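Working through the structure, step by step
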Amino acid sequence: MASKVIPWYKKKHVSQVKSDYAYHHTHSVVKQQTERKSSSKSVSKVQAQATEAMAEPAYTIPAFRQRTAEETEEYQRVTKNVGKGLAVIQEELHRMRISTKAQVDSLAIQKEVRDMMYKRSDLLDEIPKMPDFLLALRPHTVWEKTPVKLFCTVQGNPRPVVQWYKGGVPVNPLNAPGKYKIENKYGVHSLIISRCVVSDTAEYSAVATNPHGTATSKATVTVKKPAGTGESCHLGLVPRLTEIHASKLEVSLLDRFSVSFGVEGGSISLVCSMVVVPDLPNVPPLAQWYRDDKLLKPGKLAEMSVGGGEACLTLPHLAKDDEGLYTLRIFTKDGTAEHSAYLFVSDAAPSAAGAPGAPMSVKAYDINSDYVLVAWKPPNTVNEAAITGYFVDRCEAGSDTWVQCNDAPVKVCKYPVHGLSVGHSYRFRVRAVNNAGISRPSRKSDKVTALDAAESERLQGTEEGVPSAPGQVIATRNTKSSVFVQWEPPKHAKNLMGYYIDGRAVGSKEWFPCNHKPFKHTRFVVHGLIPGETYVFRVQAVNVFGLSDESQESSPIAVESALATPSAPFGITMLSCDGSSMVLAWKSPKHCGGSKVNAYYIDKRNADTSVWKEVNLTPITERICTVDNLTEGNFYEFKIQAANLAGVGVPSAPSAPLKCEAWTMEEPGPAYDLSFSEVRGHSLVVLWKAPVYTGASAVTGYLVEMAKKGSSEFVTLTQEAVSHRYLQVKNLEEGESYVFKVRAVNGNGVGKPSQLSQPVCAKALPGTKEIVAGVDEETGDIFLSLEACEICETSKFVWSKNYKPIGDCPRISTSTKGRTSRLTFINPDKDDLGKYSAVVTDTDGVSSSYTLTEDALNTMLELSHAIRNPIVPLKHGLNYEILEKGHVRFWLQAVKLSPSVSYRFIVNDKEITSAEGQKISHDVSTGIIQMTVDLFTRANEGTYTVQIHDGKAKTQSSLVLVGDVFKAALKEAEFQRKEHIRKQGPHFSQYLYFTVTEDCTVMLACNVANVKKETTFHWYKEDEEIVPETPPNVMSGACAIPLPLFSRKDQGVFKATVSDDRGKDTSLLDISGQVFDDIINALAQNAGASASELVLQCTPEGIRLQCYMNYYTEEMKTIWKHKESKIASSEKMRIGGTAEMAWMQICDPSDKEKGHYSIEISDGVKTHTRTFDLSGQAYTDAYEEYLRLKAAAFAEKNRGRVVGGLPDVVTIMEEKSLSLTCTVWGEPIPEVTWFKNEQEVASCEHTKVTFDGGKFASLIINKVTPDDSGKYSINVRNKYGGEFVEITVSVYKHGEQIPEPKLGHPKAATSVPQKSSAPSSKAPTPAPPKAQTPAPLMKSPTPASTPVPKSPTPVPKSPTPTPKSATPAPKSPTPTPKSPTPTMGRGVKSPTPPRFMKSPTPPRK
């Protein structure tokens, strides 16, 4: 504001301005002149109101605020002439008032004439009148899917009501939502039909009705289909539409796209929202997109859309070719609206570490029939190795196969591609090569065709070599995140393509690329920098031969906004008024101009004048000021200017007129200066200052209200008034904007609301960091630290406690270094607890807070004490461990030890040193200090202490080894000594233990060590040696013995011994109690997991449910249940099992036994359950099978059979007598028939057949001859069945050698079951095969016969049933033990085994 003072005699034009202004603003003066002519004060009031009505003229505020000595002298000289100047101005004003009065009177007369005319018109309006259409409906012809609007204007008194009809049918918008819209605005009635279809073709009418009559207007709407879409309307009319060109629209751009950053291979959208008037869906604005002033066309690489209030450009496949300045140009009614922003595209991740970026701008030149010259631009190399060459690839159009054109890398950025086919189209791409690898391929070129055509474009220039380095580089401030860089062009351009700009943060060695595509101009704006950081820049020139040398680095520059004057303050509000002064407050400028605002200047004026007067000549540093010397009852306006190093900024907009009237209300005035801190995605802190005017009593609290931006619905955030002047607001919607206001409360009520805050968006700044609490590792000071995500030269860190600024406080000190500020507590205690916050000024709201709790403070105090009173930190305190041979090691471990560490071992208050039997040592690398005692005895009981000194730090650690603790250590040491002695010879490395195999075999196992070939191993049970089938192999290191079919019989103490000439070791395992239970549970776990579902098996005794498993023993915890009730074994319900299954048999079943059955096998952890539902058809079938088997068993029991006495083979000498006698049984008594060679033998003198007592059957052959040799058989049978037994008889002559007996082949009897893989329960009982019986005693008188008995042949088992079979095949009868086969003496009866025995046990699964 330091403008030059203008003398009064040079201000003549001011009066002219005022005169012109008064001439045009007289309306309000007219009333005062006409209504108050008799009032003596009328002239002054008219003058005041006329002045009030005047708008502010082009007024220049005096330029001096802080005057120099020369300016003060000039001001005093001018002041002497003020009186003369005021007199001239007053005369001029008086003349103007007289002129204005005449003009006002004239205007008043004109107004009176107009009022008379309006009254006449009002009278005419009261006359009744029937409806009349001033503007009738017009016919329309439109295209399909376009809207049409019918409108008309009708008059009448009273106002008519208009009804719309289509073809005589009323139009009801509710019947077709969105189709019709009826409006009535300003007397114009309209019907809008959206998206017309052919069926909308009709005659439409508007009928206007009032009490005095009806009027109708009609028009036809014709809807046409576009050509090629079908038949047109039957009227065949051509529509005529009013053409609206896009350039006739009014377009205003709103949210604009900013500087953007993308990565190769990604995608990005540039969006700009706008307001279009009128907004016609079928006529979008005409928008054009440019990149570096070149018009872009829609395609696969650039997708464009306009509509819905926004224009969008999408680049779906980003490449560095897309980098540049993008401009959106929209044609409007007044010309064009434009917006531009730069898009940066960085290299994608390289295919190999250190590989260069991809080349760009691949184009084809000199297109000929046999070759094409391909050229490109090189990539920027910052930290990568230099590029050694390029590979060029080609791809024929329509193919995806790329072919490398050059075998060796080409070093320049152009290459002639030969070997093309005439008329074929090709695309090209390029890859860069350096020592680390090959880059990603560039974007492929446009398609070119190899033709003998004129050259479209050639590369110009013949100079070879890279350009020289650019000249001086200068960087200047631009914005808080960008820097403006400019440089001198190289002296030798050599067909320059552009420039690459690199940047580096001061203090870092890594350069980063600022652009990724050669930039053609010598000035560039580098975006995306960290605010407050300092950078240097360099530039390289680029041509087809590569990159030039780097230019010299620019001077370091901090990223700050360019220095400018601050923007205008705003939000001027009155905080108090006493009738002669006002207290004003205002908000800081939104932009400080890159320098701290250090002064404010206030101007005021009477609301009825246009002359501004200065309030303060000296600058005001605070944003609150008391304006004195005001007149009570007058209205005042104020405006404020802010100043910084760059000067005085623009003035604010004038405040609303504020009345100087003393405040006398009892409620408090408004709070003011609302600000925000710690803005995050879902929370923020709002702060304010107390009202200046407190009312009739002190302020007791505050109410805070919040609303979303643009909404008038405020929500009170505090149920009760809060006493402090801040509030943390939570549960906000991220990205949403909110406004706040605060009301102060005192004992008399709620005061005025504060001025509405500026909208704040609930979103954290990028890179926001929180306050961190810590302890300085060197000094031990407790501190809070904040690293700002952005900062500028004028920024300061303002620390507060409970949101009250911390001033000069002896308990706290603050320091700032770079972007980090630290608050250090001097002597922290409970008084320092609270919430600490920090705000970084002149930023976009960088702030954070930290609540210091008592627990956190105590933790940091402990750490601080440890740092200030250093100790040697220990990982492990003093401890002991028992080593081999019974040695005891006392040790501790420090976190870190220096080579100069010293320490002492003290035992029972006596220092000890290394000596025989004890060794003391330490290891600096691991931090371990130890003492080893070789022989630990009762004399070693006591207290052990280690004292450590390491530099300034020291520590000690103690171990009390007395009482039970010592006894346990001594016992362990003695045990280890014995163990060491034991292990000198063969010993058990793992004592006896048990395992259970998959087939449920219990294995006792152990591991041995230190054995040799002579070492022996023995097994014992209850001190009785067990000799396993396979001798133990001690050299393998493992020995085991199986206990198959484990049961209670295997209980006992098992012992294993290993010994040789070096000693003996023993291991015991007592299999009883818990060990036995554990083995049974392990078996149960295996058995339960392998258990099949319950299967049904019928027997002659009843119905049996069976569960097959790998192994079963009665010691397992198995429970059978019927209908969830436990079953106890009884005569009715028998429970049992075999090694391969568990069964439960229902004897003589009845209907009571129907129901659900289950078996539960428990292994101590898990219960395995299998179920069977014995009801319904399953029970009926089982019961029938039981009855059948019962009958078959009865028949088997009572059928005829040979009980015993007959041999299989008989050898007898000629002339001897042969007696074949056997015992038979059957009920009823069976019939007996003898056969020889299948011919019935009749009783005669030579062969006598007898059957005595229904029990003994005999065949006696007297004096046998060779003719009596043959196959004899006996058939015993009754009504239940029978048995057929064969005997082979051989007769030899006297003196001949006794022939070897030849066994006969038994025939199958009729009552033995036949082999069957899965017999059904209803299958008839098969007859068993013939059971072989040893030869009966021969009753021959000659003892020369030698009958050879035949061993009974066991019946083979039936096939194992499959697990899924509901009725598995019954197990075959248990084989009878083989009988001995001695040579039978004459007259001796051989023992007879039973012929058949039914076994209920089915075969193993």
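Residues numbered from 1 in each chain as written. Predicted model: local features only at pLDDT ≥ 70, side-chain atom pairs only at ≥ 80, totals over all residues. Heavy atoms only, no water.

Considerations on the overall build of the chain
Helices and strands together make up the secondary structure of the chain, namely 9 helices and 90 strands. When burial is assessed residue by residue, the chain has 42% of its 1405 residues classed as buried. The contacts in the chain between residues at least 6 apart in sequence include a share of 65% that link residues at least 24 apart. Accessible area of the chain: about 74,600 Å², with a carbon and sulfur share of 52%. (Helix = DSSP H or I, 4+ residues; strand = E, 2+ residues; numbered from the N terminus. Buried < 20%, exposed > 50% of the residue type's maximum accessible area, 1.4 Å probe, protein only. Contact = heavy atoms within 4.5 Å. Areas by Shrake-Rupley, 256 points an atom, 1.4 Å probe, with all protein chains shown as cover.)

Structural notes on the pairing of strand S53 (residues 797–801)
The pairing of S53 with strand S57 (residues 834–840) spans 5 bridges and is classified as antiparallel. Paired with Val798 across the two strands is Val839, which belongs to S57. Two strands pair when backbone bridges link them, and S53 and strand S54 (residues 804–805) are joined in this way by 2 bridges, in the antiparallel orientation. Bridge pairing in S54 places Ser800 opposite Pro805. Hairpin geometry of S53 and S54 is characterised by an intervening segment of 2 residues between the two adjacent antiparallel strands and by a positive phi of about 55° at Asn802. (Pairing = 2+ DSSP bridges.)

Observations concerning the sheet that holds strand S47 (residues 726–729)
Pairing is antiparallel in the open sheet, where 3 strands are placed in the order S43-S44-S47. Each end of this open sheet is capped by a strand with a single partner; those strands are strand S43 (672–677) and S47. Direction aside, neighbouring strands of the sheet carry axes that sit 20° apart on average. (Axes fitted to C-alpha atoms, helices over the stretch in contact; angles between N-to-C directions.)

Description of the pattern of salt bridges
Pairing between side chains of opposite charge can happen when their charged atoms approach one another. Following the criterion strictly, the structure yields 41 salt bridges and no others. Residue Lys830 pairs with Glu854 through a salt bridge whose shortest N-O separation is 3.4 Å. Residue Lys830 is found in the loop between strand S56 (820–825) and S57, and its partner Glu854 is found in helix H6 (residues 854–868); the two are separated by 24 residues along the sequence. Exposure remark for Glu854: the relative accessible area of 36% places this residue in the partly exposed category. Linking Lys1154 and Asp1151 is a salt bridge whose minimum nitrogen-to-oxygen distance equals 3.8 Å. (Salt bridge = Lys/Arg side-chain N within 4 Å of Asp/Glu carboxyl O.)

Some remarks on the sheet that holds strand S89 (residues 1270–1278)
Within a sheet, adjacent strands bond to each other through the backbone by hydrogen bonds, running parallel or antiparallel. The strand order across the open sheet formed by 5 strands is S83-S90-S89-S85-S86, and the pairing between neighbours is mixed. In this open sheet, the two edge strands, each paired with only one partner strand, are strand S83 (1209–1213) and strand S86 (1239–1240).

Side note on the state of the cysteines
Within the structure shown, the criterion is met by 0 disulfides. Sulfur of Cys577: no disulfide; nearest cysteine sulfur belongs to Cys660 and is 4.0 Å away. Among the residues examined, Cys577 registers a relative accessible area of 3% and is labelled buried. (Disulfide = S-S within 2.5 Å.)

With respect to the confidence of the model for the chain
When pLDDT is averaged along the chain, the result is 81; 83% of the residues meet or exceed 70. Across residues 1303–1405, where pLDDT falls below 50, the model places 244 contacts with residues more than four positions away in sequence or in other chains. (pLDDT = per-residue confidence, 0-100.)

A word on the nonpolar core
Soluble globular proteins tend to pack their nonpolar side chains together in the buried interior. Counting residues in hydrophobic clusters, the biggest one holds 51 residues, and the most contacted among them are Phe1017, Phe1046, Ile1071 and Leu1083. With 6 residues, the top contributor of residues to this core is helix H8 (residues 1073–1090). Not counting residues up to four positions away in its chain, the partners in contact with Leu1083 are Val996, Cys1000, Val1002, Phe1046, Tyr1111 and Met1116. With 26 residues, the next largest nonpolar core counts Val872, Val901, Phe936 and Val946 among its residues. (Core = buried A, V, L, I, M, F, W, Y, C linked by side-chain atoms within 4.5 Å.)

Points about empty space enclosed by the protein
In total, this model carries 4 cavities of 30 Å³ or more according to the counting rule given. Computed from the structure, the largest cavity encloses a volume of approximately 90 Å³. Residue lining of the largest cavity: 13 residues in total, with Thr573, Lys587, Tyr672, Asp673 and Gln755 positioned closest to the centre. Breaking the lining of the largest cavity down by element, the ones donating at least two residues are strand S35 (570–577), strand S36 (582–587) and S43. A breakdown of the residues in the lining of the largest cavity according to their chemical character gives 7 nonpolar, 4 polar and 2 charged. (1 Å grid on protein atoms, 1.4 Å probe; cavity = no way out; pocket = protein on both sides within 12 Å on 5 of 7 lines; lining within 4 Å. Points joined across faces, edges and corners; volume = space filled by probe spheres on them. Nonpolar A, V, L, I, M, F, W, Y, C, P; charged D, E, K, R; others polar.)

Quick word on the environment of Ser369
With respect to the element layout, Ser369 can be found in the loop between strand S19 (360–365) and strand S20 (371–377). Residues Ser369 and Ala450 lie 81 residues apart in sequence; the distance between their C-alpha atoms is 4.6 Å.

Examining the environment of Ala646
You can see Ala646 is positioned in the loop between strand S40 (635–644) and strand S41 (647–648). For the pair Ala646 and Val597, spaced 49 residues apart in sequence, the C-alpha to C-alpha distance is 9.8 Å. When residues no more than four places from it in sequence are discounted, the contact partners of Ala646 are Leu563, Ala564 and Thr565.

Structural notes on a nonpolar patch on the surface
On the surface, Leu254, Val275 and Val277 cluster together into a nonpolar patch covering about 240 Å² of accessible area. In this structure, Val275 sits in strand S12 (residues 268–277). (Patch = residues over 30% accessible without salt bridge, like charges linked within 9 Å, V, L, I, M, F, W, Y side chains within 5 Å.)

Focus: helix H9 (residues 1177–1198)
Its 22 residues give H9 an end-to-end C-alpha distance of 32 Å, which sits within 8% of 32 Å, the value for a rise of 1.5 Å per residue. Every buried residue of H9 is accounted for by Tyr1179, Ala1182, Glu1185, Tyr1186, Leu1189, Ala1192, Ala1195, Glu1196 and Asn1198. (Expected span 1.5 Å × (residues − 1).)

Some thoughts on H6
Spanning 15 residues, H6 covers 20 Å between terminal C-alpha atoms, matching the ideal 21 Å at 1.5 Å per step. By the burial criterion, the buried members of H6 are Ala856, Leu857, Met860 and Ser864. The buried residues of H6 occupy an angular sector of 95° when the element is viewed end-on, so they sit on one face. Turned more than 90 degrees off the buried face of H6, the exposed positions are Asp855, Thr859, Glu862 and His865. The inward-facing, buried residues of H6 contact strand S51 (772–775), strand S52 (782–787) and strand S58 (847–852). (Arc of directions from axis to C-beta.)

What about the packing of aromatic side chains?
Here the structure, examined in full by the defined rule, presents 28 aromatic pairs. Centroid distance Tyr342 to Phe524: 5.4 Å. Interplanar angle 90°. Geometry classified as edge-to-face. Of this pair, Tyr342 sits in strand S18 (residues 335–346) while Phe524 sits in strand S31 (residues 523–526), and the two are 182 residues apart along the sequence. A relative accessible area of 11% means that Tyr342 is categorised as buried. Judged by its relative accessible area of 3%, Phe524 falls in the buried class. Note that Arg329 overlies the ring of Tyr290, its terminal NZ or CZ placed 4.4 Å from the centroid. Above the face of the Trp1143 ring, Arg1104 is positioned so that its terminal group lies 4.0 Å from the ring centre. (Phe/Tyr/Trp six-rings, centres within 6.5 Å; stacked < 30°, edge-to-face > 60°. Lys NZ or Arg CZ within 6 Å of the ring centre and 35° of its normal.)

Things to note about the side chain of Glu560
Position of Glu560 among the secondary structure elements: in the loop between strand S34 (557–558) and S35. The side chain of Glu560 sits in the buried core without any salt bridge; Arg477 is the nearest counter-charge, 5.1 Å away. Residues contacting Glu560, with those up to four places away along its chain left out, are Arg477, Asn478, Thr479, Lys480, Gly532, Ile791, Cys792 and Glu793. (Lys, Arg positive; Asp, Glu negative; His and termini not counted.)

Some details on a negative patch on the surface
Together, Asp578, Asp628, Glu632 and Glu661 make up a negatively charged patch on the protein surface. Along the polypeptide, Asp578 turns up in the loop between S35 and S36. Residue Asp578 is classed as partly exposed on the basis of its relative accessible area, which comes to 48%. (Charge placed at Lys NZ, Arg CZ, Asp CG, Glu CD.)

Topic: unusual backbone geometry
That bond from Asn157 to Pro158 is cis: its omega, 0°, falls within 30 degrees of zero. With respect to the helices and strands, Pro158 occurs in the loop between strand S3 (148–157) and strand S4 (161–166). Note that the residue after Glu1227, namely Pro1228, is joined by a cis bond; omega there is 5°. Tracing the backbone shows Pro1228 in the loop between strand S84 (1218–1225) and strand S85 (1231–1236). The phi dihedral of Asp366 is positive, around 45°, even though this residue is not glycine. The topology assignment puts Asp366 in the loop between S19 and S20. In this model, Lys1123 sits at a positive phi of 55°, which is unusual for a non-glycine residue. Structurally, Lys1123 can be placed in the loop between strand S76 (1117–1122) and strand S77 (1125–1126).

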